[in-house]
Amino acid sequence: DQQVKQNSPSLSVQEGRISILNCDYTNSMFDYFLWYKKYPAEGPTFLISISSIKDKNEDGRFTVFLNKSAKHLSLHIVPSQPGDSAVYFCAASAFETSYDKVIFGPGTSLSVIP
Amino acid sequence: GAVVSQHPSRVICKSGTSVKIECRSLDFQATTMFWYRQFPKQSLMLMATSNEGSKATYEQGVEKDKFLINHASLTLSTLTVTSAHPEDSSFYICSARNSNYNEQFFGPGTRLTVL
């Protein structure tokens, strides 16, 4: 049973426009969420995170929104740049019940078209 | 951010041999390291959690006798794939946790190909 879902396997966006990557989760115990970016044949790199006590976190061009009641979060990238083309993984953890363990979604491949 | 290295980056071996992959935290002490496996076009699957000085905790379905994990120091964890078979071919990634419990730093990964 997939606890973290990213229902869009791929997304194409024009350079300069907004990229919106979506993520849904099923485990209500998750209290910390992270987004990672991954290039082929490389390890993932941390992008941005959000605690369940917040509904928005912003870092430069990246903003993560959390809707706890809907068990949904999204990553907004604006403006999108060709270098943003990569696979983006949504991840979640539940500190109280599974300290340290991070569960990853299947990823969304983002292509930013120049 | 903190740096985590993995060695080797690529390895090709014959079926039946054992392969050791090293994961090092270069500029911080990692009390906990994690080993992930990624199949093509799939997500990262946690294999095991490795705590320094103690036995690793394996996820359900991961054979502990097949994937031997040793975390001998605060900067080094090793994953040994024993008696490797072609179905073990995959991309193996480690991560290390620093004092911020939810911050993990990932290594660059090791591509294992078993012939």
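Quantities reported herein were computed from a predicted structural model and do not represent experimental measurements. (Residues numbered from 1 in each chain as written. Chains lettered and ligands numbered in written order. Predicted model: local features only at pLDDT ≥ 70, side-chain atom pairs only at ≥ 80, totals over all residues. Heavy atoms only, no water.)

J.: Please set out unusual backbone geometry residue by residue, giving values where relevant.
T.: In this structure, the amide linkage connecting Val78 of chain A to the following residue, Pro79 of chain A, adopts the cis form with an omega of -10 degrees. Secondary-structure assignment places Pro79 of chain A in the loop between β8 (72-77) and β9 (86-93). Between His7 of chain B and the following residue, Pro8 of chain B, the backbone shows a cis peptide bond with an omega angle of 0 degrees. Backbone geometry at Lys71 of chain A places phi at a positive 50 degrees, although glycine is not the residue there. You can see Lys71 of chain A is positioned in the loop between β7 (62-67) and β8. On the basis of relative accessibility, which here comes to 27%, the residue Lys71 of chain A falls in the partly exposed class. We note that Ser83 of chain B has phi near 45 degrees; this positive angle belongs to a residue other than glycine. With respect to the secondary-structure elements, Ser83 of chain B resides in the loop between β8 (76-81) and β9 (90-97). (Helix = DSSP H or I, 4+ residues; strand = E, 2+ residues; numbered from the N terminus. Buried < 20%, exposed > 50% of the residue type's maximum accessible area, 1.4 Å probe, protein only.)

J.: Tell me about the pattern of salt bridges, and name the residues and values.
T.: Residue and element names in this part refer to chain A. Using the criterion set out here, one finds 4 salt bridges over all chains in the structure. Asp84 is the partner of Arg61 in a salt bridge, and the nearest nitrogen-oxygen pair spans 2.8 Å. Remark: Asp84 occurs in the loop between β8 and β9 and Arg61 occurs in the loop between β6 (56-59) and β7; sequence separation between them is 23 residues. (Salt bridge = Lys/Arg side-chain N within 4 Å of Asp/Glu carboxyl O.)

J.: Describe the sheet that holds strand β3 (residues 19-25) of chain B, listing the residues and the values that go with them.
T.: Residues and elements named next belong to chain B. Taking strand neighbours across the sheet as the criterion, the 4 strands line up as β1-β3-β8-β7 in an open arrangement whose pairing is antiparallel. The open sheet has two free edges, formed respectively by β1 (4-7) and β7 (67-73), since each of these has just one partner strand. Averaged over all adjacent pairs, the angle separating strand axes in this sheet is 15 degrees, with direction ignored. For β7 and β8, the ladder comprises 5 bridges, and the chain directions are antiparallel. (Pairing = 2+ DSSP bridges. Axes fitted to C-alpha atoms, helices over the stretch in contact; angles between N-to-C directions.)

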